[in-house]
Amino acid sequence: MEINSRYLLIKRKLFEKVYSSLNDEQRDAVFTVNGPLLILAGAGSGKTTVLVRRIAFIIKYGNAYYSDKVPAGTDEETVKRLEGALMLDASEIEREVLPEFICNPCPPYAVLAITFTNKAAKEIKDRLIAAFDDESVAGDIWAGTFHSICVRILRVYGDRLSYNSNFNIYDTDDSKRAISAAMKTLKIDEKTLPIKSVMNAISRAKDALMTPESFLSENGGDFRLRKIGEVYEEYQKNLRLSNALDFDDIIMQTVRLLRENEDVRRYYQNKFRYVCVDEFQDTNVAQFELTALLSGHHKNIMVVGDDDQSIYKFRGATIENILSFDKTYRDAKIVKLEQNYRSTQNILDAANAVIGKNTNRRGKRLWTSKGEGEKIVLRLCEEQNAESVYMVDKINEAVAASEATYRDFAILYRTNAQSNTIERTFAKSGVPYRMLGGTRFNDRKEIRDIVAYLQLINNHSDAERLLRIINEPKRKIGDKTIEAIRAIASENEVSLFEIIRNADKYAALGRSKDILLGFAELIERLTQILADGCPLDAFVTQVLDMSGYRQMLIDAGEEEKDRLENLEEFISGVIEYQSKTEEPTLGGFLEETMLVSDVDKYDESADACVMMTIHSAKGLEFPIVFLPGMEDGIFPGMQTIMSCSEDEIEEERRLAYVAITRAKKKLYIIHTNNRMLYGRTSHNPISRFVTEIPASLIYRDAPPARRNDGYSSYGSYGSYGQNQHSTVRTYYSDSTANKNRDVLGGVGDKTTIGKTFTTPVKKASAALFAEGDRVSHITFGEGEILSVKPMGADVLYEISFDKVGTKKLMATYAKLKKIN
DNA sequence: CAGCCATATCTTTTT
DNA sequence: GATATGGCTG
C-alpha cells in the first residue's frame, strides 16, 4: 500500500482508539467537523456527550481525523513509529501522538453552541469545563440559549433597529397586559376576540418572521385576522415606545438585524466558524433562519435532534426544519445515533412499535445491548383514585423490598389536571414526592412588582412596568389619570414616563400633577442612587423603602407576612447574583431574572418520587416510570381526537414515544374504567398508543377479584389480588390506609364506586338536539346542526354557524341553546 | 375601590 | 370538580 494511505489509515486508527468509549456512529459525528451535519439522536443515545466531545475535538484537533493532508517527509519510518504507537494505551496516545495530527484547530471564541433551556446550556458549559480542565477555554465558547445569545447580540447592535441598549424584556404576562392595552386602544372587545388567541396569533407570526405589515397584507381579507393584525401593529408600536422586546422579538429582531445590516452579519458570520444547535426539532422558522444566518459564511453548521421527539408544535416549532435539513443544505452529512444507553430492549421495542405508526418521520430503530429486561406492566383500575393508590402501593412494595428508593420513580402525565388526584393520594400515603410545575417564584405578585420597579429604573420608557407599579402602593392615581396620560403620550409618541415627568405642563393632568411629579422624582432619585454606585442588594432595599412598598406590606400585618418573606428571598437572590458575577449591574440582573426560570434548580438529591407532565420530562430519565391516564380522551386528548388531523395525532404519538423512552428499567401503564374529568364521569377506552405496543411485551397486571357482585369484567387473578392486598397493608402507617386499600381492592362498601359501576354512565347531554335544529352558541352565535354523532359518553355535533363557518363541538363543552 | 358572587373554562411550556 | 376571572354592588 502506498505510504500516504497507510499514514492516513493509521492516523484514524489512533483517533479511534482514543475515542473508543464512543460507538462508531458517535465517533463519526465527533470527527465530522466541516460542512453541514445533521445528527439524528434517538432518545438516550448519548446526544450531549457527542455534542460536547465534538466541540472539544474541534478546538483541540480541528479537522484532524478526516483531513487527507499528509505532512511532507512522511516515510516508512514515520508509519512504523505510528503503528508502534497503536500499542500504547489511549491516554498515552492522546498525550503524545495525537497532537502531531492537529489540523486547523478552532479557537474557542469561534464556536457557538445554542440550546433551548438554561439547564441544557449549563450542562454543556459544565461538561466543556470538565473536558478542557481549564475554565477560560470553556468560558470563551459561546454557549447559551437562543434568547440569551440574541440578547447578547442585541445589546451591542440594537441601536441599528433603534432599540436602546438598556431595553427591557417582556415575559408572557407583560406581553399579555400590553396586548390587552392595545386592544383597549383599538376598542376591540376581548369577548369577541379572546386575548389568548390574539397572543397566540401574534406569537406565531413572530415565530414565522412576519411583521405587522406582512401579516396585514397577507390576511387583510379575513375580518378576524385583520383585527389581530391591527392589534399586532399597535402592540408593536407600544413595545418600541417602551424600548422593550418580548420573547419572540428577541429572536425575530436579531434575524432582522442580521438581514438588514451587512457589516453586523459579516462580523458574526466570520466570527463563528462552528455553529452547533441542540434540540433542533424544536426550532421555529425564526430560529432556523437565525442559525442559517450565523453560520452563513463558514457553513459549518451542526444540528442535533430527534424528529420523533418533536412535541412543541403548539408553540411554533416546525418539525420540517429537521425533516428537510438536507434539502436546505444539499451537502449535509447525516449521522443516526440509534444505540440506546438508557432503557431495556422491551421498553425500546414498545417505543419503536408506537413511533413506527407515524409516517411523517425519518425513521430510526432504537436498540440496546442491555437485554430484554422486564415486561411492561399494564394495569386497569376502576377509577382515578385506585390508579393513584396502585402507584403508591407499587412504590411502597419496591422500596420495602429494597429494590428501589423513592427517587427512582417518576409519574408522568399528559395534563396537569391529572396531578390533583395523584398528589392527594401521595400526600395521604406519606410517600415523599416532588411535583414540578407549580407557580414560579418569579410569578408571585410581590416579586413581579419589585422587578417592575427595577425595570422602570433601568428603562424609564417601559410602559407596562410603569403602569404596574404607579399605583402600587396606592398613590391615588386612578384609571382616569392613567387614561389621560396614555392619551397624551400616544398623541406625542413619547413614553408615559416622559409625560409624568412633565405633568405640570398638561392641563388634563391638573389635579394629579403633584402626585405624578412626586412619582417621577422617586424614580429619578432612585436612578441617581444606583448611578452613584450603590451595590445592588442595598439598592433593592432602598427601592422597597423609598417606594413605600415594604411599609405597605408591613401595614397589612400578618396577612402579607409571606410576601415580606418572599421579598427577603428575592434580595438573597440579588446577593447571590452579585457574588457570582464579575461586574454585577442592574441590567444584567434583570436580564437573568427574565431569561432564567427557577424551575431548573429543583433539588435532585432529595429522595422523593417525581411527578410532572410528559412535556417537562423530555430529556430526563428514571429507573421506573408510571404513565397514568393512558386513555383515549386524555392521551391523545379529546381535542386531538376531534381535530381528526393525522398531524396532530402524530404529535401526540411522539409525546407517547417520549413518555415511554423515559424509563430505564420498568414501565407501568395505567388506565381506568371510569374517570372523573371536568366534573363528569367518563369511561375512556384504553389509549390507542397502548394498543400499538405488541402484546408480547406486556404483562397485564390484573386487579384483584371483586366481591361477588357479578361485575368482574376482567379476568380475575384472585390469589394475586389477595396477595397484593396484604402486601399493601403492611406499608400503610396512617389512618387513611384502610380507605385507600378499599378503593384499590374494591372490597369495601364504597357506594359511589358501586354506583358508577352498576349504572350505565349517563350520556352527557345526549341527543338534546337533532339534525336541522337551530341552536345558539355563546361565542359562535347562531347556527344549524348538520350532524349528530355519539362519541363515548358524549355527542359530537357538527354545526354550521352563520358567522364563523362549520365547527365540530362536543355537547359536554359547548353550551348550546335551542332556538325556535 | 375593595370584596364578593357568578360565570366561564378546562392540553402541553420555555424563554 | 376546581379554579380563575370578571362584573357588579356596597
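As the structure is a prediction and not an experimental result, all values here were calculated from the model.

Asks: I would appreciate a short explanation of the overall build of chain A in the present structure.
Replies: What chain A contains, in helices and strands, is 36 helices and 22 strands. Per-residue burial for chain A yields a buried fraction of 52% across its 820 residues. Taking the contacts inside chain A whose residues are at least 6 apart along the sequence as the reference set, 75% of them involve residues at least 24 apart. Counting only carbon and sulfur atoms, one obtains 49% of the accessible surface of chain A, whose full area is about 37000 Å².

Asks: Which parts of the structure should I look at to understand the protein's contact with DNA strand C?
Replies: Around DNA strand C, the surrounding shell consists of Lys191, Tyr678 and Gly679. Restricting the count to atoms of DNA strand C within 4 Å of the protein gives a sugar and phosphate share of 18%.

Asks: How do you make sense of the protein's contact with DNA strand B when you look at a structure like this?
Replies: Surrounding DNA strand B, one finds 26 residues, the nearest of these being Arg414, Asn416, Lys474, Thr613 and Glu652. Of all the elements in the fold, those that place two or more residues in the surface near DNA strand B are helix 30 (614–617) and helix 31 (638–643). Of the residues in the surface near DNA strand B, the class split is seven nonpolar, 14 polar and five charged.

Asks: I keep staring at the pattern of salt bridges and nothing clicks. Help me out?
Replies: Should their charged atoms come close, side chains of opposite charge can pair. Counted under the stated rule, the structure contains 60 salt bridges. A salt bridge links lysine 47 to glutamate 279, with the nearest nitrogen and oxygen atoms 3.3 Å apart. Of this pair, lysine 47 sits in helix 3 (residues 47–61) while glutamate 279 sits in the loop between strand 6 (274–277) and helix 15 (285–294), and the two are 232 residues apart along the sequence. Note that glutamate 262 is salt-bridged to arginine 266, the shortest N-O span being 3.0 Å. Highlighted residues: glutamate 262 and arginine 266, both in helix 14 (residues 262–271), separated by four residues, approximately one helical turn. Each of Asp171, Asp173, Asp174, Arg177, Asp443, Arg448, Asp462 and Arg465 takes part in one network of salt bridges that share partners.

Asks: Any chance you could explain empty space enclosed by the protein here in plain terms?
Replies: Rolled over the atoms, a probe with the dimensions of a water molecule shows which regions are left empty. The final tally for this structure, using the stated rule, is three cavities of 30 Å³ or more. Approximately 50 Å³ is the volume attributed to the second largest cavity. Lining the second largest cavity are Arg155, Phe167, Asn168, Ile169, Gln455, Asn458, Gly587, Leu590, Glu591 and Met594. When residues of the lining of the second largest cavity are traced back to their parent elements, those giving at least two are strand 4 (168–170), helix 21 (445–458) and helix 29 (586–595). Top contributing element to the lining of the second largest cavity by residue count: helix 29, with four residues. Among the residues forming the lining of the second largest cavity, the class breakdown is four nonpolar, four polar and two charged.

Asks: Is there a simple way to think about the pairing of strand 13 (residues 622–627) in this case?
Replies: Look at any regular strand and the pattern is simple: side chains alternate between the two faces of the sheet. Extensive coverage of strand 13 is indicated by the burial of six of its six residues. Here strand 10 (residues 409–413) runs beside strand 13; their pairing, made up of three bridges, is parallel. Within the sheet, the bridge partner assigned to isoleucine 411 lies in strand 13 and is phenylalanine 626.

Asks: How should I be thinking about the packing of aromatic side chains in this particular structure?
Replies: Note on aromatic pairs: each is described by the distance of the centres and the angle between the planes. For the coordinates displayed, the defined rule picks out 31 aromatic pairs. Considering the side-chain rings of phenylalanine 570 and phenylalanine 589, the 5.7 Å spacing of their centres and the 75 degrees angle between planes classify their relative orientation as edge-to-face. In this pair, phenylalanine 570 sits in helix 28 (residues 561–580) while phenylalanine 589 sits in helix 29, placing the two residues 19 residues apart along the sequence. For phenylalanine 570, a relative accessible area of 4% puts it in the buried group. If you follow lysine 60 out to its NZ or CZ, it ends over the ring of phenylalanine 132, 5.8 Å from the centre. Seen from the ring of tryptophan 142, arginine 152 lies directly overhead, with NZ or CZ sitting 3.7 Å from the centre.

Asks: Sorry, what's going on with the sheet that holds strand 14 (residues 663–672) here?
Replies: As a general point, the strands of a sheet are linked pairwise by backbone hydrogen bonds and lie either parallel or antiparallel. With parallel pairing, seven strands are arranged side by side in an open sheet as 11-12-10-13-14-9-17. The sheet terminates laterally at strand 11 (433–435) and strand 17 (698–701), the two strands that pair on one side only. Mean inter-strand twist for the sheet, computed between neighbouring axes without regard to direction, equals 20 degrees. Relative to strand 14, helix 18 (residues 345–355) is tilted by about 55 degrees, and along the sheet it contacts strand 9 (376–381) and strand 14. Packing against the sheet, helix 20 (residues 419–429) makes contact with strand 10, strand 11 and strand 12 (609–613), and its axis sits at approximately 155 degrees to strand 11.

Asks: Looking at this model, I keep getting lost on the nonpolar core. Mind explaining?
Replies: Soluble globular proteins tend to pack their nonpolar side chains together in the buried interior. Ile179 and Tyr268 are the most contacted members of the largest nonpolar core, which totals 66 residues. Of the residues forming this core, the biggest block, seven residues, is contributed by helix 8 (residues 146–157). Sequence-distant contacts of isoleucine 179, that is, excluding residues within four places in its chain, are made with Ile195, Val198, Met199, Ile202, Val231 and Tyr235.

Asks: Where do I start with the layout of surface pockets in this structure?
Replies: Of the pockets and cavities examined, the second largest pocket occupies roughly 2100 Å³. Lining the second largest pocket are 48 residues, and of these Lys125, Tyr577, Lys580, Glu592 and Val596 lie nearest its centre. Contributions of two or more residues to the lining of the second largest pocket are made by helix 6 (118–132), helix 7 (135–140), strand 3 (142–145), helix 8, helix 28 and helix 29. Classifying every residue of the lining of the second largest pocket by side-chain character gives 13 nonpolar, 17 polar and 18 charged.

Asks: Looking at this structure, how should I read the packing of helix 21 against helix 25 (residues 513–531)?
Replies: Helix packing geometry: the angle between the two helix axes and the distance between the axes. Close contact between helix 21 and helix 25 brings their axes to 9 Å; oriented N to C, the two are set at 80 degrees. The orientation of helix 21 with respect to helix 25, classified from their angle, is roughly perpendicular. Between helix 21 and helix 25, the contacting residues are Tyr453, Leu456 and Ile457 on the first element and Phe519, Leu522, Ile523, Leu526 and Thr527 on the second. Partitioning the contact of helix 21 with helix 25 into residue classes produces seven nonpolar, one polar and no charged.

Asks: How should I be thinking about the pairing of strand 10 in this particular structure?
Replies: Most of strand 10 sits inside the fold, with five of its five residues counted as buried. By the bridge criterion, four bridges tie strand 10 to strand 12 in an arrangement that is parallel. Residue alanine 410 lies in a different strand from strand 12, and its bridge partner there is valine 610.

Asks: Would you mind showing me how to read the sheet that holds strand 8 (residues 333–337) here?
Replies: Read across the sheet, six strands follow the order 3-2-6-7-1-8 without closing on themselves; strand pairing throughout is parallel. Of all the strands in the sheet, just strand 3 and strand 8 have a single pairing partner and so form its edges. Taken pair by pair, the neighbouring strands of this sheet meet at an average axis angle of 15 degrees, ignoring direction. Pairing of strand 1 (residues 37–41) with strand 7 (residues 301–305) involves four bridges; the strand directions are parallel. Bridging across to strand 7, isoleucine 39 finds its partner in valine 304.

Asks: Help me understand the packing of helix 21 against helix 28 in this model?
Replies: Closest axis-to-axis distance for the helix 21/helix 28 pair is 9 Å, and the angle between their directions is 50 degrees. Here helix 21 is positioned oblique relative to helix 28, judged by the angle of their axes. Taken as a pair, helix 21 and helix 28 cross one another with a handedness that is right-handed. Contacts between helix 21 and helix 28 pair Lys445, Glu446, Ile447, Ile450, Val451 and Leu454 from the former with Arg563, Asn566, Leu567 and Phe570 from the latter. Of the residues assigned to the contact of helix 21 with helix 28, the class counts are six nonpolar, one polar and three charged.

Asks: Help me understand the environment of isoleucine 347 in this model?
Replies: By secondary structure assignment, the location of isoleucine 347 is in helix 18. Relative accessible area serves as the criterion here: at 1%, isoleucine 347 is assigned to the buried category. As for isoleucine 347 and aspartate 408, which are separated by 61 residues in sequence, their C-alpha atoms are 16 Å apart. When near neighbours in sequence (up to four residues on either side) are disregarded, isoleucine 347 contacts Ile376, Ile660, Ala663, Lys664, Lys665, Lys666 and Leu667.

Criteria and cut-off values
Residues numbered from 1 in each chain as written. Chains lettered and ligands numbered in written order. Predicted model: local features only at pLDDT ≥ 70, side-chain atom pairs only at ≥ 80, totals over all residues. Heavy atoms only, no water. Helix = DSSP H or I, 4+ residues; strand = E, 2+ residues; numbered from the N terminus. Buried < 20%, exposed > 50% of the residue type's maximum accessible area, 1.4 Å probe, protein only. Contact = heavy atoms within 4.5 Å. Areas by Shrake-Rupley, 256 points an atom, 1.4 Å probe, with all protein chains shown as cover. Near = heavy atom within 4 Å. Nonpolar A, V, L, I, M, F, W, Y, C, P; charged D, E, K, R; others polar. Salt bridge = Lys/Arg side-chain N within 4 Å of Asp/Glu carboxyl O. 1 Å grid on protein atoms, 1.4 Å probe; cavity = no way out; pocket = protein on both sides within 12 Å on 5 of 7 lines; lining within 4 Å. Points joined across faces, edges and corners; volume = space filled by probe spheres on them. Pairing = 2+ DSSP bridges. Phe/Tyr/Trp six-rings, centres within 6.5 Å; stacked < 30°, edge-to-face > 60°. Lys NZ or Arg CZ within 6 Å of the ring centre and 35° of its normal. Axes fitted to C-alpha atoms, helices over the stretch in contact; angles between N-to-C directions. Core = buried A, V, L, I, M, F, W, Y, C linked by side-chain atoms within 4.5 Å. Parallel < 35°, antiparallel > 145°, perpendicular 65-115°, else oblique. Left-handed = near helix turned anticlockwise from the far one by under 90°.

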